[in-house]
Each structure stands twice: as C-alpha cells, then as structure tokens.
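Examination of the molecular architecture
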Amino acid sequence: MTDGVDRTALRQFLLGLAQGMNASAESVDRIRDTMTDVAKAYGGGDADFVVLPTIILVETGESEEARVAIRSATNASFRFDQIAALYELIGQARTGAIPPLDGIRRLNEIGAMRPRLDWFTRTLGHAILTTGLALLLAPTWQGVIVAFVLGFGIGLLKLVRSPTLQLILPIAAAFVCAAAVFLLAEVIEIGDPIRLLIAPLVTFLPGGVLTTATVELAAGQMISGASRLVYGFVQLALLAFGILAAGTVVGVESRSYEPLEATSPLPWWVAIIGILVFALGNYLHFSAPPSTFGWVLIALVVAYSGQWAGNEFVGPAVGGFVGALVMTPVVFWIAG
C-alpha cells in the first residue's frame, strides 16, 4: 500500500468486509480483530477501526495523512450461502491474496447473490424446520401437522420485501399463530399450545442477537452489547404482545391459562428424526451451501445431546445452558 489510490481502495474494502460481517451477525470485537489482520496483510498496520452494529469507521494513515471512511450499516442479514462466500473472501484477504479493488467487486457480487434455491423450496424449508422443531416440542402428530401449516404460511410472509411489513411482521405472525393454536387446542389434541407456538415463530426469536450481545458485553464492548441486548428484548416483547393479544381476542387469559397434556405423546425416538428434519429445514430455508449440511447436523446433535444430559443429570433449568456450552467448542472447531 504505497499511494493514495491504494489507501482509498483498502479503506473501502475494509468497510465492505466489516459491513458483511455485521450482516453475518458477527460480534464487533471479532470484526475489529479480523479487520486488523486484513489491514496488516496489505501493509496497513496503522489502520484503526470503530465498529458498531449500525456504523463503521475506518482510518488509515498517520497524522496529517490520516483519512477516515464511514459507512452506515444496514439491518440486512446474509443467508448461509452469502456468509460462506464472505468468509472465503476474508480468508483470501487475511493473506493479501486478492487486490482491494477486486475484493470490492467480489463483495458487491456477494451482496447481490441470488438465493441458490427457488422461493418455493425456501418456503418449504421454513415449514420443514418448523416441523423438525415441533417434533422436539409438540407431543402429538396433530400438533406437528399444525406447525407445518403455520410454518409454511410464515415462510410465505417472509418472502414479501416490504419495509412496512417487516416492522409489523413479528407481531402479526405471533398473533395469527397464537390465535390459530389457541382455537385448535379446543378441537384437536396438540398438547400445550405455548410449546407448539415456539416452532412456527422460531425464526423470529432473537437467540443469535442475544448470544452476540452477551459475547460483546463479556469482551467489554458495552455500547454494542447493550444495544443488541435491548434490540433482542424488544423483539421478544413484540412476539409476546402478539401472543397476548391473540389470547385476549380468543378468550385465553394469562391468569387462567393451564397447559394441556397429551394423552398419547410421541415416542422418544421421534426427537432423533426431529433433529434431522430441523437440519434439513435450515439447509433449505437459508440456502446453505451443499457441503455444510453435515456440519450443521453435527452441531445440532451435539447441542441436543448436551441439553438432554443437562436435563437428566442437572435439571431442566440448566439443560439449555449445558447444550450451548458443549456446542460452542464444536462450532469453533468446525469454523476453524
């Protein structure tokens, strides 16, 4: 990096990489570390960064020669195929193997990538992942069928690229799903309606946001961590509001709610099928690259095994924590 043009291209390249990692739900501390490594690979060891969930600043040069580039990050999120392409590019950038201008062009291509699978397959994938989760949560086949239908409907709604709809979609989806489940619970045996509701609404749950927020707070990134934490809690509040509103409309009050028990629950081995179905649904809905299906399945099996062990030997209250604890090193091993 010896002239002004190279510095300008490098700043834009670094901004694009950081924005892509933001869209991949990466924590800001890891984004900063990655950008530092990439800058050094291009001789830009003097670069400095400010990375937040909604804004990115990159400075290169020293004293009077210093230049700053800024970019507002968007709320866009990458699909699995885009994330895979981005990290392949980051691997090249870490060694300086691709010129910054070529890297910028590649970033534009990644951002404009069309889904590998068609809209119907992705919508069906959403229904399948909903079904897989229902096999883990719902105690009856009737509940699993209801989850599939609701999951397909939510998948169709997610295809509509309207900013206005995106704002109200969590509330609308929670309201429609909750109303349907509460009404059907009086007619067919679906078990506990609240447990079944988790399945069709799972892609709205801010689990990734809250996890990233926790990682950022632990790393001392207070602004990013706190803002993501608030965003995640607001998302949960919107879903809860939709469910409570549906309960009020159909006459199911929180004070008088009692979980329904299934008389003939599904056998234990159905959960094994549920893990496989859930992995397949994620693979289809998020247009994951073909080579990733096996790794996703391994991560899910490890997480479920850890959660089961936690439930059996410690207690249900910490089962999810044990599952996440044993899955984390496996995921980092796969990523490495």
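Moving on, we get to the overall build of the chain. Helix and strand counts for the chain stand at 13 helices and three strands. Against the globule reference of 20 Å for 336 residues, the chain gives a C-alpha radius of gyration of 22 Å, in line with a compact fold. In terms of overall dimensions, the chain has C-alpha extents of about 75 × 40 × 40 Å along its principal axes. Burial analysis of the chain (336 residues in total) assigns 40% to the buried set. By sequence separation, contacts in the chain at least 24 residues apart represent 69% of the contacts at least 6 residues apart. Separation between the mean location of the 19 positive side-chain charges and that of the 25 negative ones in the chain comes to 6 Å.

The next thing to look at is the confidence of the model for the chain. When pLDDT is low, close inspection of the predicted coordinates is not appropriate. Counting all residues, the mean pLDDT for the chain is 86, and 93% of those residues have values of 70 or more. Mean pLDDT values for the elements of the chain range from 77 in helix 13 (residues 316-335) up to 94 in helix 5 (residues 119-137).

Moving on, we get to the packing of helix 3 (residues 80-94) against helix 4 (residues 100-111). Relative to each other, helix 3 and helix 4 sit at 170°, their axes nearing to 10 Å. Put simply, helix 3 runs roughly antiparallel to helix 4. Together, Gln 82, Ala 85, Leu 86 and Leu 89 of helix 3 and Gly 103, Arg 106, Leu 107, Ile 110 and Gly 111 of helix 4 make up the contact between the two elements. Taken together, the residues that form the contact of helix 3 with helix 4 break down as five nonpolar, three polar and one charged.

Okay, the sheet that holds strand 3 (residues 67-72) next. Paired through backbone hydrogen bonds, the strands of a sheet run either parallel or antiparallel to each other. What the three strands build is an open sheet, ordered 1-2-3; its pairing is antiparallel. The open sheet has two edge strands with one neighbour each: strand 1 (48-52) and strand 3. The average angle at which neighbouring strand axes cross in this sheet is 10°, direction not considered.

Looking now at the nonpolar core. Core analysis: the largest hydrophobic core is formed by 37 residues, its most contacted members being Ala 134, Leu 196, Leu 197, Leu 201 and Phe 204. Contributions of two or more residues to this core are made by helix 5, helix 6 (141-158), helix 7 (163-184), helix 8 (193-198), helix 10 (222-250) and helix 11 (270-285). Ranked by the residues each element gives to this core, the list is headed by helix 7, at nine residues. Sequence-distant contacts of Leu 197, that is, excluding residues within four places in its chain, are made with Cys 177, Ala 178, Val 181, Phe 182 and Ile 243.

Moving on, we get to helix 7. Residues three or four positions apart in an α-helix share a direction because the helix packs 3.6 residues into each turn. For helix 7, spanning 22 residues, the distance from its first C-alpha to its last is 31 Å, which sits close to the expected 32 Å at 1.5 Å a residue. Leu 169 marks the point of greatest bend in helix 7, at about 55°, and the proline Pro 170 comes within the next four residues. Looking only at helix 7, the buried set comprises Leu 165, Leu 169, Pro 170, Ala 173, Ala 174, Cys 177, Ala 178, Ala 179, Val 181 and Phe 182. The inward-facing, buried residues of helix 7 contact helix 6, helix 8 and helix 10.

Under the definition given, this model contains seven aromatic pairs. With 5.8 Å between their ring centres and 75° between their planes, Trp 295 and Trp 333 make a pair best called edge-to-face. With Trp 295 in helix 12 (residues 293-313) and Trp 333 in helix 13, this pair connects stretches of sequence that are 38 residues apart. The class for Trp 333 is exposed, based on a relative accessible area of 60%. A network of ring pairs unites the aromatic residues Trp 119, Phe 120 and Phe 152 as a single cluster. Sitting above the plane of the Phe 204 ring, Lys 158 keeps its charged end 4.3 Å from the centroid.

Taken together, the side chains of Ile 198, Leu 205, Phe 233 and Leu 236 define a hydrophobic patch exposed on the protein surface, amounting to about 330 Å² of accessible area. Mapped onto the elements of the fold, Ile 198 is located in helix 8.

Across all of its chains, the model carries six salt bridges by this definition. For the salt bridge of Asp 81 with Arg 79, the shortest nitrogen-to-oxygen distance reads 3.1 Å. For the pair shown, Asp 81 and Arg 79 are each scored as buried. For Glu 216, the salt bridge identified is with Arg 228, shortest N-O distance 2.9 Å.

Turning our eyes to something else, we now look at unusual backbone geometry. Most peptide bonds take the trans configuration, and most residues that are not glycine carry a negative phi. Even without being glycine, Ala 25 reaches a positive phi, approximately 65°. In this fold, Ala 25 is placed in the loop between helix 1 (4-23) and helix 2 (28-41). Taking the relative accessible area as the measure of exposure, Ala 25 reaches 46% and is therefore partly exposed. Look at Ser 287: it is not a glycine, yet its phi comes out positive at around 50°.

Conventions we followed
- Residues numbered from 1 in each chain as written.
- Predicted model: local features only at pLDDT ≥ 70, side-chain atom pairs only at ≥ 80, totals over all residues.
- Heavy atoms only, no water.
- Helix = DSSP H or I, 4+ residues; strand = E, 2+ residues; numbered from the N terminus.
- Rg over C-alpha atoms; globule rule 2.2 N^0.38 Å.
- Buried < 20%, exposed > 50% of the residue type's maximum accessible area, 1.4 Å probe, protein only.
- Contact = heavy atoms within 4.5 Å.
- Lys, Arg positive; Asp, Glu negative; His and termini not counted.
- Charge placed at Lys NZ, Arg CZ, Asp CG, Glu CD.
- pLDDT = per-residue confidence, 0-100.
- Axes fitted to C-alpha atoms, helices over the stretch in contact; angles between N-to-C directions.
- Parallel < 35°, antiparallel > 145°, perpendicular 65-115°, else oblique.
- Nonpolar A, V, L, I, M, F, W, Y, C, P; charged D, E, K, R; others polar.
- Pairing = 2+ DSSP bridges.
- Core = buried A, V, L, I, M, F, W, Y, C linked by side-chain atoms within 4.5 Å.
- Expected span 1.5 Å × (residues − 1).
- Bend = angle between axes of the 7 residues up to and from the residue.
- Phe/Tyr/Trp six-rings, centres within 6.5 Å; stacked < 30°, edge-to-face > 60°.
- Lys NZ or Arg CZ within 6 Å of the ring centre and 35° of its normal.
- Patch = residues over 30% accessible without salt bridge, like charges linked within 9 Å, V, L, I, M, F, W, Y side chains within 5 Å.
- Areas by Shrake-Rupley, 256 points an atom, 1.4 Å probe, with all protein chains shown as cover.
- Salt bridge = Lys/Arg side-chain N within 4 Å of Asp/Glu carboxyl O.

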